[in-house]
Every structure is written in structure tokens, then in C-alpha cells.
Amino acid sequence: MHALLCIKWFAFFIAKRSTRGIKVAKKPKTVLKKPKVIGKKPNAAERAKPQVKKRVSPSVATETAPPLLVVSECPPLGLESLKVKDTQLRASSYKRRGLGPHRGRLNIQSGIEDGDIYDGAWCAQYRDKKQWLEVDARRLTRFTGVILQGRNSIWRSVWDIVHTYKVQFSNDTLVWKPCMNGTEEAIFEGNQDAETPVLALFNTSTVARYIRINPQSWYQNGTKGDICLRAEVLGCALPEPTESKDKLDFRHHNYKEMRKLMKSVQEECPDITRIYSIGKSYMGLKLYVMEISDNPGKHELGEPEFRYVAGMHGNEVLGRELLLNLMQYICQEYKRGDQRIVHLVKETRIHLLPSMNPDGYEMAFKKGSELAGWSLGRYSYEGIDMNHNFADLNSVMWTAIELETDRSKLINHYFPIPEQYTTEEAFVASETRAVISWMQNIPFVLGANLHGGELVVTYPYDMTRDWAPREHTPTADESFFRWLAVVYASTNQVMSNHDRRPCHNKDFLRYNNIINGADWHNVPGSMNDFSYLHTNCFEVTVELSCDKFPHASELPIEWENNRESLLTYMEQVHRGIKGVVRDKDTGAGLADAVIKVDDINHHIRSVADGDYWRLLNPGEYRVTATAEGYFPSSRTCQVMYDHYPTICDFRLTKMPKERLKELLKKGGKLPKDLQLRLRQLRMRKLRVTTKAINRRRTAAAKRAKRVR
């Protein structure tokens, strides 16, 4: 079956590129050996000796041959078809964005403008043998070959090509095993021109997750050409594992066991973790949070705050266990030196609340996964559904829009909580009050609320405007919320499986497993809507599984299904723009400065030190910062496709009146520019008052004439 797929793929390839040939290595006569598996032992996988081409290397061979005579039994991973996502490609370096690893795809075509973001290859910034292009297959894969091309460009030289290269494999990006040719590292022949694809088949396949292409020689050893390539990798993905390879505590944890596990993680990684409580449940159980950061306990300037909340409904338990797994995983991988986790911890302050409704969970836990039913433990001990228990700020906003005739007086963010909601008599759960206080004390930028019972990601608004049972009700940030939902759904192994059946009675596959919350069903008082309207934080709801309380034996595979989603979603907190709003004269950060983005009717505010984060999709935006007593400042900010934000700082100038008050208060002397500005203001005021007096005198004279 795999061979047939490859034959069809190569036939299509030849038809599409009929004007060019394809170079292939001779098929070795030896029988294909059992695939080598990359493990913990340092054994290198052997490779059969390719035939020699004298001018290159004793371990390299090429021969022009009809391409269908030499076929890999495994299909392409999908660099050309885009099945392999940009986030799966990494490189040692790259010259600029348009020549990044995401452009190192077979047959990718460059843009018509030289130097734009759509260039025709990955090109390394440096010309040495330490450069590499890495592909993450995201699961164990039997790698069988590589196809290489040079750089496509209508403006550049045709000599941006790789002549020879090596291949390495890994399961963790820390330990790499070379592709061997007997006792020596194999060297494969690359390209002699930029467009002809050259195929190299490994005589012995190797099972691993990651593969690297490591150029060894290029045009004139780099004196004229750059290290540039386009590639496709051939490999067969192995069946999904039935158990996780991660050494985590896969079982259901009651309150005491949860607390014990969190403490063990904190003891194992004391430098990057901190446990704190945000309050208590009705029955007195503490709402514990695990903070993970390189500087726990402190908000660092420019570092975004992220949160995951699970267990709002006590019987929807998978989110609780996933967050316990996540804190263990981050601790373990940080200690191992996993660069993705290290970067996440150093650049983000992460907060994990595994159980918002511990009272409800204890009720469901006592019955067990098979006997708890559909709703036992859903509500708080008082019988409150916390998914409807936050202040309804949607109605406050929509009522103001209907009644206010002056649109300039309308607010679109930081809506105050209605007074009746804050009274002791209000029917608000103690757990809800604790979470609201938590939201107000920490400047969260992004979060997610983990639920169970379905397989879908929902985004605000959750409440319909006219109390309809369901109706699409978008926010001003609809496009970014859709992106957030897609990020989680597309990387979740179950949601992204188009062969799966619907959970219950709604087929969310029709919507690509994402939906506007209000378009599913009306949820007034949701945490997501409250977070968006009362704070700076964007939040979605993730329905993790069809089963609200899966059996403990299913937890390892559920972790595998969600691990990449949990990590990738957290990384989205680094999209958009960030910066610091400062006083131009003193350099001090300005709190509560309003950040406005043209054409998006939702503002955010700077926090105590003046730093802010605004989540945005790639594009060009006109951004304005305003603060009380200061002149507004505007600038254009370009958000790129990179996995880090664009820096957009603002320095605001105090209005003369405010500046004068401050100087006089300190007993200081007025600077010349302020003296000049005040003189101009006095002259302007004098001219205005003089005109007014003259108009009154003229009017009085006219009245006197009429009386005579």
C-alpha cells in the first residue's frame, strides 16, 4: 500500500515537473533490514554503503535514472503539501524571515519581489557545517529517505544549493544519532542545480520523531553561494501508542492526593514553581494554584501571564488530571533541558488551577468514573453552576449601546461589576468570588477553561444578545478568538481526526471542532465573557472529551491527545504586540494607559509598571496609547508570523497643566519649553476673551442705537 502511494506521488510529481528530471541514488541490492529504533542506548543505526562517486565522497552515490524505478515504501511527510506545519520546522539559523525554515519545502516558489517574505528556500545565516534544517514528525516515524532542491528565485544566483549533506535522528532534540555508513557517518549527495530534485533513500530505515538535514558542502564551499535548500522527507508514521512515554502519575487524584502531587512537583523544581491559594470552597477546601516561572511570585516587566482553569464543573475531571500532568511534565522537561519548555518557562508566567470546584469533585470521585452519572458533582456544594455565575457584563454593555446617543461616551472594556453582584447577599459562589479576585490581582493576558463532555473549542461571546437559545454573537476580536480555537483543536489528536464519530447529538466536525459559544447555546454569566469585558484576558473553553469522567486507564492516551495542544495554546500568549507605556520626562511606567487599535472596538490597559500585551493576528495596525493628563501617542505596529511579539513602546508627554502642577508641587523652576507653551496658551486665551468682549460691546452698541 505504501509503495503504491509513493508510485502515485512520484507520477504526480513527474507530471507536475515534466520539464525537469529527478536524480536518484542507485537502489542497493541488499535486502531492506529491520528498521533501527532510536532509544536511550548510544548505538548508531547502520546504513548500507551507497556506491561511490569519486568527486564527492566515498559514501555518496548518484545516478540519473527513471524515477519510478526507485521508490520509497513510505510516502512524503508533507512538507510540500503543507501537511507538515510551519511550527514543525526549525533551523540552526536563517538569513531573514522570508528565508526561514518554513520556506524549506520541496517545490516552494519564491515571490516576484526579491527579498520579500515569500522567498524560495531555507537559507542559513552562516556558511559552516553546523547548520541544519529540522523536521518534527510529532510522533514516532520510520524515516526512509530525503529529497532535496536548491533555492528558487528569479533574481538570485542559481548557485544557492547544497552539494552534500548528512542526516541525524532524535527522539527528544537533545541526543542525536547520525545516519551511518558502516563505521563512518554517511554523506549524501545533494544538488548540482537549484531545481532538479535529488532523492536519497536510506537502505536501513530508522524510527525516530525528529530528523535533521545537515549540509556539508555547497557551491565553492560558500565563497559565492549560500547554504539554501528545499526538502521533502519520506517516512511512515507508526501507530498511535496505547500508553504515554512520559513518566507521569496517571490516575485520578482526590483533594489530598492532588495537594500531595503539587507539593512533590514544587519540591522537585523549587526554582521555577510556587504553590499558592486564591481562596476556599464552600466546604473549606483551598483553591490551590501552581505557578511556573523562572521568577515565581513576581510579575516581571514585559512577561505575559497565562492561566489554565479546570474543574469548574466538579464531575468534568479530565482537565484536572491534565493540569496535574502538565505541571509534572514541565518540571521534568525543564530539568532535562528541553529548549521549548525552557523558553516557555523563562518567557511566560504560568498559573495552573486544577480544581475550581473541589467540593463537587469530591462528590463525583466517591462514586467513581462509571457511577457518577452525568451531573453528580457538576454544581458547587450550594447547588450553583459556576459556568453561569459570573457577573453578566454583556447585558450592561448592550443596554448602554441601546440607550447612549453619544457613541464617544461608550466604553468597550474594563466594565465595572454591578454593585448588586458584589453584596454578601448576592447568589455568588465563594469559589466564583475567589476567581474574580484572582483575575483582578494578576494581569492575565490569555487563558483557557477546561471542561468535558464534548470535543469542541468554544470562544466568546457565550451569551446571545437577545436571549435567543443560540445565535452567533461575535466579539470585536472574532478573528483572533477563532485563531485561538483552531490552534487547540487542530493540534488535538482526537479533534483533528476526521474519522471520529460525534460525541452525542451534535457533529462539531462540520465546524472544524470550533464554534462561537453563543452559537452553540446561550450561557449568560460565563467566565469567558466576564474575562474579556472586565479584564485584559482573552479566554476560550475547551471541551476535552466525550466522557466527563474517563476511566483511569484512559488517562495516558488522553495526555497524548492533549499534550501538544496544551503547550501550543500557551505559546499563543506571545502573539501580537507588547510594550511599555512611559512618561517621556521621567521614564516611569504609566499604569492604566489605554491601548487602542484602529478598527477593533475593544481596548486593553497597561498594568502597574506600564507594560501591556495586545493579542493580534499578523498584519499592520495603527495603535494609540492614551493616559489621563497626557497627550495621546500613535504609531504603526507590524505583527509578523513569528512566534514572538512585536515591540511597540510608547512615551507620553504630560499636558502643560499637569506638568505645571507637578513642578510647582516640587518647588522647581519651569523649563523654557514649558514657559513658552504657557505663554502661548495665555496669548490664545487672551485673544479668545478679547474677541468675546468686543462682540458684547458691539451688541450693546447696536441695542443702544435702536433705543434712541
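Since this is a predicted model, take the numbers as computed values, not measurements. All residue numbers refer to positions counted from 1 along the written sequence of the respective chain. Totals for whole chains, interfaces and linings use every residue, but because this is a predicted model, local features are given only for residues with pLDDT of at least 70 and side-chain atom pairs only at 80 or more, for both listing and counting. Neither water nor hydrogens contribute to the side-chain values; these are computed over all heavy atoms in the structure.

Turning our attention to the overall build of the chain. Counting from the N terminus, the helices are DSSP H or I runs at least four residues long and the strands are E runs at least two residues long. A count of helices and strands for the chain gives 14 helices and 29 strands. Contact criterion: two residues are considered in contact whenever any of their non-hydrogen atoms come within 4.5 Å of each other. Sequence separation of 24 or more characterises 76% of the internal contacts of the chain that already satisfy a separation of 6 or more. Accessible areas in this description were obtained via Shrake-Rupley with a 1.4 Å probe; residue shielding takes into account the shown protein chains only. Carbon and sulfur atoms provide 53% of the accessible area of the chain, an area that totals close to 33400 Å².

Moving on: helix α8 (residues 430–441). Taking 1.5 Å as the rise per residue, α8 with 12 residues should run 16 Å; its terminal C-alpha atoms sit 17 Å apart, in good agreement. Type-normalised accessible area, obtained with a 1.4 Å probe on protein chains alone, sets the label of each residue: buried when under 20%, exposed when over 50%, and partly exposed for intermediate values. Turning to α8, its buried residues number three or more, namely Glu431, Thr432, Ala434, Val435, Ile436, Trp438 and Met439. Helix span is expected to be 1.5 Å times the residue number reduced by one.

The next thing to look at is the environment of Glu454. Looking at where Glu454 falls in the secondary structure, it is placed in the loop between β18 (444–451) and β19 (456–459). The spatial distance from the C-alpha of Glu454 to the C-alpha of Cys503 is 6.0 Å, given a sequence separation of 49 residues. Beyond its immediate sequence surroundings of up to four residues, Glu454 is in contact with Cys503, His504, Lys506, Phe508, Trp520, Glu543, Leu544, Ser545 and Cys546.

Within the patch definition used here, like charges are joined within 9 Å and nonpolar side chains (Val, Leu, Ile, Met, Phe, Trp, Tyr) within 5 Å, considering only residues with over 30% relative accessible area and no salt bridge. Salt bridges are counted wherever a side-chain nitrogen of Lys or Arg sits within 4 Å of a carboxyl oxygen of Asp or Glu. There is a patch of nonpolar side chains on the surface, built from Tyr282, Met283, Met363, Leu376 and Tyr381 and spanning about 480 Å² of accessible area. Overall, the relative accessible area of 31% leaves Leu376 in the partly exposed class.

Okay, the pairing of β19 next. Covered by surrounding structure in β19 are Val456 and Thr458 together with Val457 and Tyr459, the residues of both alternating faces. At least two bridges found by DSSP between two strands is the condition for calling them paired. Bridging between β19 and strand β21 (residues 538–543) involves three bridges; their strand directions are antiparallel. Considered in β21, the bridge of Val457 is made with Val542. Where β19 and strand β20 (residues 514–516) come together, three bridges link them in parallel fashion. Residue pairing across strands places Tyr459 opposite Asn516, the latter belonging to β20.

A few words on the packing of aromatic side chains. To describe a pair of aromatic rings, one takes the distance between the centres and the angle between the planes. Stacked, tilted and edge-to-face pairs are distinguished by plane angle, under 30 degrees for stacked and over 60 for edge-to-face with tilted covering the rest, among Phe, Tyr and Trp rings (Trp via its six-membered ring) whose centres lie within 6.5 Å. In the structure shown here, the tally under the stated rule is 24 aromatic pairs. Note on Phe306 and Tyr569: the rings are 6.0 Å apart at their centroids and 70° apart in plane angle, and the pair reads as edge-to-face. Of this pair, Phe306 sits in strand β16 (residues 305–310) while Tyr569 sits in helix α12 (residues 555–571), and the two are 263 residues apart along the sequence. By the burial criterion, Phe306 is buried, and Tyr569 matches it. Here, over-ring charges are defined by two tests on the NZ atom of lysine or the CZ atom of arginine: distance to the ring centre within 6 Å, and angle to the ring normal within 35 degrees. In this structure, Arg320 is placed above the aromatic ring of Tyr361, and the distance from its NZ or CZ to the ring centre is 3.5 Å.

What the eight strands build is an open sheet, ordered β14-β15-β17-β16-β18-β21-β19-β20; its pairing is mixed. Strands at the two margins of the open sheet, each flanked by one partner only, are β14 (273–280) and β20. The sheet shows a mean angle of 20° between the axes of neighbouring strands, taken without regard to direction. In this sheet, strand β17 (residues 349–353) lies alongside β16 in parallel orientation, the contact comprising five bridges. Bridging from a neighbouring strand, Arg307 pairs with His351 of β17. In this analysis, axes come from line fits to C-alpha atoms, helices being fitted only over the stretch in contact, and the angle between any two N-to-C directions falls in the range 0 to 180 degrees.

Quick look at the confidence of the model for the chain now. Per-residue confidence from the predictor is reported as pLDDT, which spans 0 to 100. Predicted confidence across the chain gives a mean pLDDT of 84, with 83% of residues reaching 70 or more. This model gives residues 25–34 a pLDDT under 50, and the stretch forms 18 contacts once residues within four places in sequence are excluded. Across residues 40–71, where pLDDT falls below 50, the model places 77 contacts with residues more than four positions away in sequence or in other chains.

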